[in-house]
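Residue-level listing of the chains:
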Amino acid sequence: MISLISDENRKLLKNRIVQGILLLYCLLFIYFAVDIIFFTHRGYDKYDGEFAIFSGLEAIKWEKEQCMPFDGKVLDEDFLAEAEKRFGFQYDVCSCEIYSVYNCFIDRTPMGTVYDPVTGTATVGTVIEGFKKIEDVIPASSVPALYRYSGGYEVLCQKLSFVGILSVAASLIISALVFSGEYTAGTDVLLLTSKFGRSRLAVAKTLSGIIICTGVFLLFSLLTALLCFSFYGFSGADGDIRLSLMRNADEITTENLRFFGNAVTNAEFTGFIILVFFSAILIVSTSALLISALSHGSFSALSITFAVFSFPLAVRAIVHSYEYIVPYSATDSCFALFPVILIADWSKTLWWGISYNIAGENYPYAVIFPLIALVLSAVFVFLSIFAYGKRRLRCVGV
Amino acid sequence: MKGDELVIDRLTKNFGNKIAVDRLSFSFSPGVYALLGSNGAGKTTLMRLICDILSPSSGEVRFNGREIGSLGENYRDILGYLPQSFGFYPNFTAEKFLFYMASLKGIDKKTAEKRIEELLESVSLSDEKKQKIKTFSGGMKQRLGIAQAMLSEPRVLILDEPTAGLDPKERVRFRNLLSVFSKDRIVIISTHIVSDIEHIADKILIMKNGELIRSGTAEELTDKIKDRVYEISTSYERLCEIEEKYTVININTEGENAVIRILSDEKPTENAKKCEARLEDLYLYCFNDSGVKK
Ligand SMILES: Nc1ncnc2c1ncn2[C@@H]1O[C@H](COP(=O)(O)OP(=O)(O)OP(=O)(O)O)[C@@H](O)[C@H]1O
Ligand SMILES: [Mg+2]
């Protein structure tokens, strides 16, 4: 069985389309490397550990109306001078402001603050806005939130969402080819007379499809993690997500942040991103496999898969048509041109949203949804094996 | 060792209301069998039924007394099949492809290595074994297909038009390969090239409209039309006249005249020359639309 699977894997990897997809992964990785080395978050490392000290690990605790007292001291003199000049704040009293200003200062724009590195402008107003946002985000809580420098995790989560989107799209295409490719190539008839029965071949093919799809995702996630951590370090694993991965959390489900009753650490959050993508990939690839097993050839398999996955998307697009007609940004309108990206984005957001929303206060229960994905995938796998196993020569030319 | 026995018992296959194989019964023991029949006669369908790729509408195929469906893996293990039309993995090299097929047939790597080496040699693809299949010509692919079918040294080998697309030299090579290979095995080949099977087939099965209309050795079959084949040299003007009267097997041009080969119970004309009956005559006789019934 293992040799059958490895044969199938090898065959898939020899497929030109699959090779093209792998090339895309490599290009994405190169982009990450270039982005991280030359463009991302300049100055992060400069402030690492020297930016401020915190008494103990706790940094923020909601107590007063307008500010979050912070039991620590900003050490960085450059920063203090710069901040004093720009905003005139007393930075050693309010951690929240420090956080916002810190973010402004090092060329980031979380929480609504806008800093223009070209003109060097950022107004107090925008800092206050950011401040307000934190107020919304962090409810009154007796549990102190931990501030940690967590550059590695933050950048990784950002990059992971790209890897994830590509992987969902890739698994859609790769899985759709697994069975249908044989029909189109006319090689199915050779497999039929192989010693192993059709069902066993179907098992091997299904597993190989899943292994390739998830394997490529995990591999590139790992490579990306290595890249991010080697530049920004591992520190911050137990830091509070509310104080670090703001950009990511914002982008994905700003709303859902209020469900974080319990503190979620950066490491947990990163793991969860991977889990969510993993389950999205499972669902997408197994359902594409089923379509592939039932189809008459690559072309029909691919088009049916696309149709199935873009249908809910189309509905969403119609409902929110104004979003697509008047896109927010140039990148959005670019994305709108590529259905695959939208499809992937859709499945990602869906899982994300469902998992977070329903998990609510009990973050660990979010794992239930990946579990449901697993069960559903198992059903799809069973159906594909059954469909392929039962099927006789239908597509091979007479 | 007692020879294997492959029995086809009232085998029928319909596609909708089209009957492709019609209540066909036959018993194969080791030897080379040739399936002859016009396009659409049902040869490929019959072979697919024997390979358990198609399931019969009724009737069954038994190998050594057991229905092949119930034998499953044990049957596929001793089966080699060259389909009439199939595809390759274009980015595999010939060698890699055969290794892949070997692993599909459950052959261990060591045995496979040796066997693949031998087979590539016998189908004269040794020099091209490292080339990708997409660079192969039609005949080269066909030879690779033959190699693939013989890989597991099958006891039942089924070749659907193996010589299609082979050049004369390769055809001879194939015949030699097969005559060595076929010892103690059941080999069934289908072909349209009558001269191929005259040399290698022990028995010939002629199919028409899904039915088996004749079977026997080449001698047995040609015996039926022995002493009935004549060649007449005649002008083109008289051709129609003769065509109406006799079953014309072949017409050859020879200068101003036509040399026609006909079937007739008695000597048709004075200048008619009696010829030795050939398999081709029988074939054309059987499949002559205008001509005599079977
Ligand atoms: N999958 C199918 N669906 C419908 N009809 C089919 C199918 N396969 C074969 N047939 C029909 O069955 C008949 C026999 O076909 P088959 O391919 O067995 O002929 P053949 O003797 O191999 O012909 P050829 O010499 O052209 O290869 C034909 O009339 C064909 O149209
Ligand atoms: Mg045929």
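Everything quoted here is computed from the prediction, not taken from an experiment.

### Structural notes on the site of ligand 1
Part 1: As a structural note, the neighbourhood of ligand 1 is formed by 15 residues, with Lys18, Gly40, Lys43, Thr44 and Thr45 of chain B the closest of them.
Part 2: Bordering ligand 1 are residues originating from chains A and B.
Part 3: Between ligand 1 and the protein, one listed contact pairs an oxygen atom with a backbone N or O atom of Ala41 of chain B at 3.2 Å.
Part 4: At 2.7 Å from an oxygen atom of ligand 1 is found a side-chain nitrogen or oxygen belonging to Lys43 of chain B.

### A few points about the coordination of the magnesium ion (ligand 2)
All names here are of chain B.
Part 1: Distances from the magnesium ion (ligand 2) to its protein donors, namely Thr44 (OG1) and Gln84 (OE1), fall within the range 1.8 to 2.1 Å. Of the two residues, Thr44 sits in helix α1 (residues 43-50) while Gln84 sits in the loop between β6 (79-82) and α4 (94-104), which places them 40 residues apart along the sequence.
Part 2: Of the residues examined, Thr44 reaches a relative accessible area of 15% and is grouped as buried.

### Side note on the interface of chain B and chain A
Part 1: Every contact between the two is made by 30 residues of chain B and, on the other side, 26 residues of chain A.
Part 2: Roughly 2600 Å² of surface becomes buried between chain B and chain A when both sides are summed, with 57% attributable to carbon and sulfur atoms.
Part 3: On the surface where chain B and chain A come into contact, there are one salt bridge.
Part 4: Between Arg200 of chain A and Glu73 of chain B there is a salt bridge, with the nearest N and O atoms lying 2.4 Å from each other.
Part 5: In terms of residues, the side of chain B that touches chain A owes the most to one element, α4 of chain B, which gives six residues.
Part 6: In terms of residue class, the side of chain B that touches chain A is built from 14 nonpolar, seven polar and nine charged.

### A look at the sheet that holds strand β14 (residues 273-274) of chain B
Residue and element names in this part refer to chain B.
Part 1: Strand order in the open sheet formed by four strands is β12-β13-β11-β14, and the pairing between neighbours is antiparallel. Unpaired on one side and paired on the other, β12 (247-254) and β14 mark the two borders of the sheet.
Part 2: Across seven bridges, β12 lies against strand β13 (residues 257-263) in antiparallel orientation. If you follow Asn250 over to β13, its bridge partner there is Arg261.
Part 3: Here helix α11 (residues 279-286) sits on the sheet and contacts β11 (229-235), β12 and β13; the angle it forms with β12, its principal contact strand, is near 120 degrees.

### Digging into the domain arrangement of chain B
All names here are of chain B.
Part 1: When its domains are assigned, chain B resolves into domain 1 (6-222) and domain 2 (226-286).
Part 2: Here domain 1 and domain 2 have C-alpha centroids that lie 35 Å from each other.
Part 3: Of the roughly 980 Å² buried between domain 1 and domain 2 on both sides combined, carbon and sulfur atoms contribute 70%.
Part 4: Its largest share of buried area at the contact with domain 2, domain 1 owes to Val194, Arg214 and Thr222, together 48% of the area lost on that side.
Part 5: Taken together, domain 1 and domain 2 are joined by zero residue pairs in polar contact (both at pLDDT 80 or more).
Part 6: Every element with two or more residues in the side of domain 1 that touches domain 2 is listed here: β3 (31-37), α8 (194-200), β9 (203-208), β10 (211-216) and α9 (218-223).

The rules we used
- Residues numbered from 1 in each chain as written.
- Chains lettered and ligands numbered in written order.
- Predicted model: local features only at pLDDT ≥ 70, side-chain atom pairs only at ≥ 80, totals over all residues.
- Heavy atoms only, no water.
- Near = heavy atom within 4 Å.
- Polar contact = N/O pair within 3.5 Å; in protein donor to acceptor, adjacent residues only side chain to side chain.
- Donors = N, O, S within 2.8 Å, 3.2 Å for Na, K, Ca; no water.
- Helix = DSSP H or I, 4+ residues; strand = E, 2+ residues; numbered from the N terminus.
- Buried < 20%, exposed > 50% of the residue type's maximum accessible area, 1.4 Å probe, protein only.
- Contact = heavy atoms within 4.5 Å.
- Buried area = accessible area lost by both parts, 1.4 Å probe.
- Salt bridge = Lys/Arg side-chain N within 4 Å of Asp/Glu carboxyl O.
- Nonpolar A, V, L, I, M, F, W, Y, C, P; charged D, E, K, R; others polar.
- Pairing = 2+ DSSP bridges.
- Axes fitted to C-alpha atoms, helices over the stretch in contact; angles between N-to-C directions.
- Domains from an automatic or database assignment.

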